Amino acid sequence: MKRFPILFFMAMALTLVLTACGEQSKEDVVKKLEEQESEMKGYKTDASMTMKTGKEEQKYHIQISHKKKDFYKVELENDQDEKGSQIILKNDSGVYVLTPALNKSFKFQSDWPENTSQPYLFNSLIKDIKADAETEFNATDNHYVFKTKTNYQNNQSLPYQEIYFDKKSYTPVMVKVFDQDMTALVEVQFSNFSKADSFKETDFDVDQNMAMSTSDVPVNASEEQKEAEVLYPEETLGASLWDKQEVETENGKRVIMTYKGEKDFTIIQETAATQAASARQSVEVNGELVQLSGGLVGALSEQKLEWNDNATTYHLASNELTQDEMVAVANSIHGYSEK
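Keep in mind the model is a prediction, meaning the values are calculated, not measured.

K.L.:
So what exactly am I meant to see when it comes to the nonpolar core here?
P.N.:
Most often, soluble globular proteins keep nonpolar side chains buried together rather than apart. One finds Met-49, Val-74 and Tyr-120 to be the most contacted residues of the largest nonpolar core, which totals 44 residues. Here this core gets 5 residues from one element, more than from any other, and that element is strand β11 (residues 184–195). Beyond its immediate stretch of four places on either side in the chain, Tyr-120 contacts Met-49, Ile-62, Ile-64, Val-74, Leu-76, Ile-88, Val-188, Phe-190 and Gln-291. Ranked by size, the runner-up nonpolar core spans 23 residues in total, among them Leu-231, Trp-307, Tyr-314 and Met-326.

K.L.:
Is there a simple way to explain helix α6 (residues 323–333) in this structure?
P.N.:
Quick reminder: α-helices carry 3.6 residues per turn. Residues three or four places apart thus point the same way. Burial analysis of α6 places 8 of its 11 residues in the buried class, the great majority of the element. Considered for burial, the residues of α6 that qualify are Glu-325, Met-326, Val-327, Val-329, Ala-330, Asn-331, Ser-332 and Ile-333. If you follow the buried residues of α6, they end up packed against β14 (265–271), β16 (288–291), β17 (297–300), β18 (304–309) and β19 (312–317).

K.L.:
Looking at this structure, I do not really get the confidence of the model for the protein chain. What am I missing?
P.N.:
Where the model shows low pLDDT, its predicted coordinates should not be examined in detail. For the protein chain, mean pLDDT is 84; residues scoring 70 or higher make up 82% of the total. Considering only residues more than four positions removed or in separate chains, one finds that residues 14–20, a stretch of pLDDT under 50, has 0 contacts. Counting contacts from residues 219–226, a segment whose pLDDT is below 50, to residues more than four positions away or on other chains yields 11 contacts.

K.L.:
Can you help me understand the sheet that holds strand β8 (residues 143–149) in this one?
P.N.:
By definition, the strands of a sheet pair up through backbone hydrogen bonds, in either a parallel or an antiparallel sense. A sheet is described by the order of its strands in space; here 12 strands give the open sequence β7-β8-β9-β10-β11-β1-β2-β3-β4-β5-β6-β15, paired in mixed fashion. The open sheet has two edge strands, β7 (136–139) and β15 (281–285), and neither has a second partner. Between one strand axis and the next, the sheet turns by 15 degrees as a mean value, whatever way the strands run. Bridging between strand β9 (residues 160–166) and strand β10 (residues 172–178) involves 6 bridges; their strand directions are antiparallel. The residue of β10 that forms the bridge with Tyr-164 is Met-174. Lying on the sheet, helix α2 (residues 26–39) is in contact with β7, β8, β9 and β11; it crosses β8 at an angle near 90 degrees. Of the strands in this sheet, β1 (42–51), β2 (58–67), β3 (71–78), β8, β9, β10 and β11 are in contact with helix α3 (residues 122–131), which crosses β9 at around 115 degrees.

K.L.:
Got a minute to help me understand the pattern of salt bridges in this structure?
P.N.:
Two side chains of opposite charge can pair, provided their charged atoms sit close to one another. In total, this model carries 10 salt bridges according to the counting rule given. Residues Lys-130 and Glu-34 are paired through a salt bridge, measuring 2.9 Å at the closest nitrogen-oxygen approach. On the criterion of sequence distance, the pair formed by Lys-130 in helix α3 and Glu-34 in helix α2 is long-range, its members being 96 residues apart. One salt bridge in this structure joins Glu-134 and Lys-149, with 3.8 Å as the shortest N-O distance. You can see Glu-134 sitting in the loop between α3 and β7 and its partner Lys-149 sitting in strand β8, a full 15 residues away along the chain. Overall, Glu-134 belongs to the exposed group, its relative accessible area being 56%. A residue is classified by how much of its surface remains accessible, and Lys-149, at 42% relative accessible area, is partly exposed. Within this structure, Lys-244, Glu-246 and Lys-253 form a network of salt bridges that share partners.

K.L.:
Would you explain the environment of Val-327 in this entry?
P.N.:
Along the polypeptide, Val-327 turns up in helix α6. On the accessibility criterion, Val-327 (1% relative accessible area) is buried. Spatially, the C-alpha atom of Val-327 lies 9.3 Å from that of Leu-316, the residues being 11 residues apart in sequence.

K.L.:
Even after reading the chapter, I still don't get the sheet that holds strand β13 (residues 253–260), so can you show me in this structure?
P.N.:
The 7 strands are arranged β12-β13-β14-β19-β18-β17-β16 in an open sheet whose pairing can be described as antiparallel. In this open sheet, the two edge strands, each paired with only one partner strand, are β12 (240–248) and β16. Along the sheet, successive strands turn relative to each other by an average axial angle of 20 degrees, direction set aside. In this structure, β13 lies alongside β14, joined through 6 bridges in antiparallel fashion. Bridge pairing in β14 places Tyr-259 opposite Phe-265. Contacts between α6 and the sheet are confined to β14, β16, β17, β18 and β19, with β18 contributing the most and set at about 25 degrees to the helix.

K.L.:
Just to check I follow, could you spell out α3 for this structure?
P.N.:
Most of α3 sits inside the fold, with 7 of its 10 residues counted as buried. For α3, the full list of buried residues reads Phe-122, Asn-123, Ser-124, Leu-125, Ile-126, Asp-128 and Ile-129.

K.L.:
Would you take a moment to explain the side chain of Asn-115 for this structure?
P.N.:
As for its placement among the helices and strands, Asn-115 is situated in the loop between β6 (104–108) and α3. Engagement of the side chain of Asn-115 in a polar contact is seen with the side chain of Asp-111, the distance being 3.2 Å. Of note is the side chain of Asn-115, whose polar atom sits 2.6 Å from the side chain of Glu-288. Excluding residues that lie within four positions of it along the chain, Asn-115 makes contacts with Ser-110, Asn-151, Gln-153 and Glu-288.

K.L.:
I would appreciate a short explanation of the side chain of Thr-150 in the present structure.
P.N.:
Counting through the fold element by element, Thr-150 comes out in the loop between β8 and β9. Overall, Thr-150 belongs to the buried group, its relative accessible area being 17%. In this structure the side chain of Thr-150 is engaged in a polar contact, spanning 2.5 Å, whose partner is the backbone oxygen of Leu-158. Excluding residues within four positions of it along the chain, Thr-150 makes contact with Ser-117, Leu-158, Pro-159, Tyr-160, Gln-161 and Val-177.

What counts, and at which threshold
Residues numbered from 1 in each chain as written. Predicted model: local features only at pLDDT ≥ 70, side-chain atom pairs only at ≥ 80, totals over all residues. Heavy atoms only, no water. Core = buried A, V, L, I, M, F, W, Y, C linked by side-chain atoms within 4.5 Å. Buried < 20%, exposed > 50% of the residue type's maximum accessible area, 1.4 Å probe, protein only. Helix = DSSP H or I, 4+ residues; strand = E, 2+ residues; numbered from the N terminus. Contact = heavy atoms within 4.5 Å. pLDDT = per-residue confidence, 0-100. Pairing = 2+ DSSP bridges. Axes fitted to C-alpha atoms, helices over the stretch in contact; angles between N-to-C directions. Salt bridge = Lys/Arg side-chain N within 4 Å of Asp/Glu carboxyl O. Polar contact = N/O pair within 3.5 Å; in protein donor to acceptor, adjacent residues only side chain to side chain.

Here you go:
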C-alpha cells in the first residue's frame, strides 16, 4: 500500500517538470514582450511591406529607428520608384513628414503613432495585442502568433491582423493585415531587428534628415515632375468624372477633376518643382496624420485630405464624403491611370 503515495508524488513531480518545459502561455509571452519593450532604449529594423489594396500590388522598403520614448524615424521607399522616399519623423518638437523630392517638411499637430495601428512599429503591435480582450494566441515551431483587431481610425476595411514573433528573441517577424473576408491585403516582413542604444536626438532632427535625403534627389527631378502622369481614382463610390481641367503653372501642371454622383468630390493633382537646398520649406499642416496605402502619409481634416506622392501633391475635397470614404478614394488613386 505504501507504493501508491510514492507513485502519486512521482507523477505530480513529473507533471510539474513537463509543464515547466512546455509551451509558454499567452500571458507569459505578452509579459515577455512588455519586459523587452521596457528594457530596450531603442531599436532599428528593416521591413518590406507588400500592399494589395489597389489595382496593382505595391512593394515598399521601410527603415525604422526608434529612440525611447518618443523619437521615431520611419523612411518609406517604393521599390519600383527611384525618385526618393518619404520620411515620418517624431521628435520633441512634433510630428513631421519629410518629402525630399519637394524639399519640404510638413509639421502635424498629432499624437502619432499612439492614435492608430502601425504594422511596422514594434511598440504599436504590442499595444494592439494588449488592447484586444479577444486576442487569439497560438505557437508554431518557430513563432508565437497573435490574431488581434486593428485600430485604423480612418480605414475600417482592414479590421484584423496576425502578428508573428520569433520564439527565441521575441522580436517581430511578420504582420499580415486582413479585410473582412480574411484576405491578407498588407504584409510586413521584418529583418535585421536589433536593439540600439546609440541614437542621439540629432538623429531625429528635421534639418539634418532633410540635408541627407535631398542629396539623393535626381538633379533633373523638376523635368520629370512636369511630365507626371495624371492619375484617377479607381474607387469613386458611384460618382463619375463630370469635368476635367488642366492648367499650366510655373512649376508644371495642375489638373482639376470634378466627380458627380450620389456623393460629389473634387481632386486636384499638381506637380511642384524641387526647392533649392537653401530654400527648404516647412509647412504647418491643418489635419490629422493618416496612413494611406503605398506607404504614403496624408493630412486629413473634416472635409479635405491632402498628401504628396514624390513631387506630386494631391488635394481631395468633399462636403459629402465621410473621412473613411475620402481615404478609400485616395488609396485607389495610387498607381492607377486611365488610358
